[in-house]
Amino acid sequence: MKKITWCLLAGCGLLLNAAAEPVNMLADGSLENWKQQTEPAKGLELKDQLTLDLGRTGGIRNERESNPATLVERDATVKHGGEYSIKITNRTHDAIPVVSIFDIPVTGNTKYRFSCWIKGAGVDRTNAHGIYGGFTAGSHATFWSDNQGQIKTEDWAGDWDWRKFETEVVTRPTDQQAMVQIQLRNATGTIWVDDLELVKVEE
Ligand SMILES: [Ca+2]
């Protein structure tokens, strides 16, 4: 009888461990299925836009900041996971090309960790910016005027192989939705971004 009880406890332990594995809240964090959308979404002043129908987990947005010196495109030759990455090219120090995943439902007073992998080629920073990104959250009503989170800059420059970009944030009590983003901010060169992950941090 004792032996059976131990077996049952061991089984429960395995189940608990499996349940504690963090789940990626970004449905297509490896950027395998996004496609270019020809018309910007209503209310957004975007030169063009890349979206992915992720249902409740939001979409991917590509802002060119109305600047033809920047390009955000899918790349099948350089990738960290799966078959594709997003390649961001910037030919001017004045532009801020952005890839963001937004409308991600979150709950308040919760710790989240955002990470992704970034590879660089010929990146030239002119100021404190460069690889710039992170996690911001707000309420549904005030997201675009009152979002807060953890934005981080890495001083990566020149050429580098895949490095992990990571940041953690605790949401405010009123936060309901979040956005994660990576910018090649006021820096020329090329970066590839892949395997984005947003997880709840259990404490
Ligand atoms: Ca990928």
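Model, not experiment: these values are computed from the prediction.

Rules of the game
- Residues numbered from 1 in each chain as written.
- Predicted model: local features only at pLDDT ≥ 70, side-chain atom pairs only at ≥ 80, totals over all residues.
- Helix = DSSP H or I, 4+ residues; strand = E, 2+ residues; numbered from the N terminus.
- Buried ≥ 20, exposed ≤ 12 C-beta atoms within 10 Å, placed from the backbone.
- Pairing = 2+ DSSP bridges.
- Axes fitted to C-alpha atoms, helices over the stretch in contact; angles between N-to-C directions.

S.K.: Would you take a moment to explain the overall build of the protein chain for this structure?
M.R.: In terms of regular secondary structure, the protein chain is built from one helix and 12 strands. Reading the protein chain from its N terminus to its C terminus gives the helix and strand order α-β-β-β-β-β-β-β-β-β-β-β-β. Looking at the protein chain as a whole, 33% of its 203 residues are labelled buried.

S.K.: What am I meant to see in unusual backbone geometry here?
M.R.: Negative phi values dominate among residues other than glycine, just as trans dominates among peptide bonds. Here the phi dihedral of N186 falls at roughly 50°; this positive angle occurs in a residue that is not glycine. Examined against the element boundaries, N186 turns out to sit in the loop between β11 (177-184) and β12 (187-200). On the neighbour-count criterion, N186 (19 C-beta atoms within 10 Å) is partly exposed.

S.K.: I'm lost on the pairing of strand β8 (residues 131-138) in this one. Help?
M.R.: Within a regular strand, the side chains alternate between the two sheet faces. Counting buried residues in β8 gives eight out of eight residues, a clear majority hidden from the surface. Burial along β8 is two-sided: I131, G133, F135 and A137 and Y132, G134, T136 and G138, pointing in opposite directions, are all buried. Pairing of β8 with β11, which is carried by eight bridges, proceeds in the antiparallel orientation. Looking at the pairing, G138 lines up with Q177 of β11.

S.K.: How should the sheet that holds strand β5 (residues 85-90) be read in this particular structure?
M.R.: In a beta sheet, neighbouring strands are held together by backbone hydrogen bonds and run either parallel or antiparallel to one another. Taken together, five strands build an open sheet; the order of strands is β4-β5-β12-β7-β10 and the sheet is antiparallel. Lying at the two open borders of the sheet, with one neighbouring strand each, are β4 (70-75) and β10 (158-170). For this sheet the average axis-to-axis angle between neighbouring strands, irrespective of direction, equals 25°. Where β4 lies against β5, six bridges are found, and the strand directions are antiparallel. When the sheet's bridge partners are listed, V72 is paired in β5 with I88.

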